[in-house]
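This is what each chain is made of:
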Amino acid sequence: TTNLTGATATAILQQIAGNMNARGYVKAASGTKADLGIDVVYFQNTYVYTYTYDYWGYYYPYYPYYPYYPTYYTSYTAGMCMIEMQDLKNYNPTTQKLYIRWTAFIRGLLTGTHTTSEITGSVDQAFTQTPSIKTSL
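Residues numbered from 1 in each chain as written. Predicted model: local features only at pLDDT ≥ 70, side-chain atom pairs only at ≥ 80, totals over all residues. Heavy atoms only, no water.

Asker: Even after reading the chapter, I still don't get a nonpolar patch on the surface, so can you show me in this structure?
Answerer: A contiguous nonpolar patch, built from Tyr47, Tyr49, Tyr51, Tyr72 and Tyr76 and spanning about 510 Å² of accessible area, is present on the exposed surface. Contributions of two or more residues to the nonpolar patch are made by β1 (36-52) and β2 (71-92). As for its position among the elements, Tyr51 is in strand β1. (Patch = residues over 30% accessible without salt bridge, like charges linked within 9 Å, V, L, I, M, F, W, Y side chains within 5 Å. Areas by Shrake-Rupley, 256 points an atom, 1.4 Å probe, with all protein chains shown as cover. Salt bridge = Lys/Arg side-chain N within 4 Å of Asp/Glu carboxyl O. Helix = DSSP H or I, 4+ residues; strand = E, 2+ residues; numbered from the N terminus.)

Asker: Sorry, what's going on with the environment of Tyr72 here?
Answerer: Among the secondary structure elements, Tyr72 is positioned in strand β2. Along the chain, Tyr72 and Thr52 lie 20 residues apart, while their C-alpha atoms are 6.2 Å from each other.

Asker: Whenever I open this one, the packing of aromatic side chains confuses me. Can you help?
Answerer: Where two aromatic rings form a pair, the distance of their centres and the angle of their planes describe that pair. Following the criterion strictly, the structure yields three aromatic pairs and no others. Consider the rings of Trp102 and Phe127, whose centres lie 4.8 Å apart with planes at 45 degrees: the pair is tilted. With Trp102 in strand β3 (residues 97-107) and Phe127 in helix α2 (residues 116-128), this residue pair connects regions lying 25 residues apart in the sequence. Assessed through its relative accessible area of 8%, Trp102 is described here as buried. (Phe/Tyr/Trp six-rings, centres within 6.5 Å; stacked < 30°, edge-to-face > 60°. Buried < 20%, exposed > 50% of the residue type's maximum accessible area, 1.4 Å probe, protein only.)

Asker: Is there a simple way to explain helix α1 (residues 7-22) in this structure?
Answerer: Since one α-helical turn is 3.6 residues long, residues separated by three or four positions face the same way. Over its 16 residues, α1 runs 22 Å from end to end, which matches the ideal 22 Å to within 8%, given 1.5 Å per residue. Along α1, the residues classified as buried are Ala9, Ala11, Ile12, Ile16, Asn19 and Met20. Summarising the contacts, the buried residues of α1 are in contact with β1, β2 and α2. At the C-terminal side of α1, Gly24 shows a positive phi close to 95 degrees. (Expected span 1.5 Å × (residues − 1). Contact = heavy atoms within 4.5 Å.)

Asker: I would appreciate a short explanation of the side chain of Thr120 in the present structure.
Answerer: Locating Thr120 in the fold gives a position in helix α2. Note on Thr120: relative accessible area 12%, which makes it buried. Look past the residues within four positions of Thr120 in its chain and what remains in contact with it is Ala11 and Gln15.

What follows is the structure, encoded as structure tokens:
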């Protein structure tokens, strides 16, 4: 695994923080106990496809050799960002249950074709689609 770093990672985290602040949440000071935790995970997969053309039906059945057709490869990379709101206030250390209050999946991001404004806009859209996220959660 590789951590996402740099300007894009910073922009995503700042956009999440801005959306949380706009809903009345206050970031806990370092070293203090927080009521909620925000977990941001980035996945990136590369898909590789292989295909060969096979035209057996077009050749005389006693053809002395199998016609050669090259194998073709194609691939693409897809990224996904997962934002998860964890309920730290109601964590039960006995059962080790951590309740997830909200999860957003943003697919198709960070593949090299998206601008930072498109990525941060997707983060905004995830929050917009969940108007129930507010401090009384």
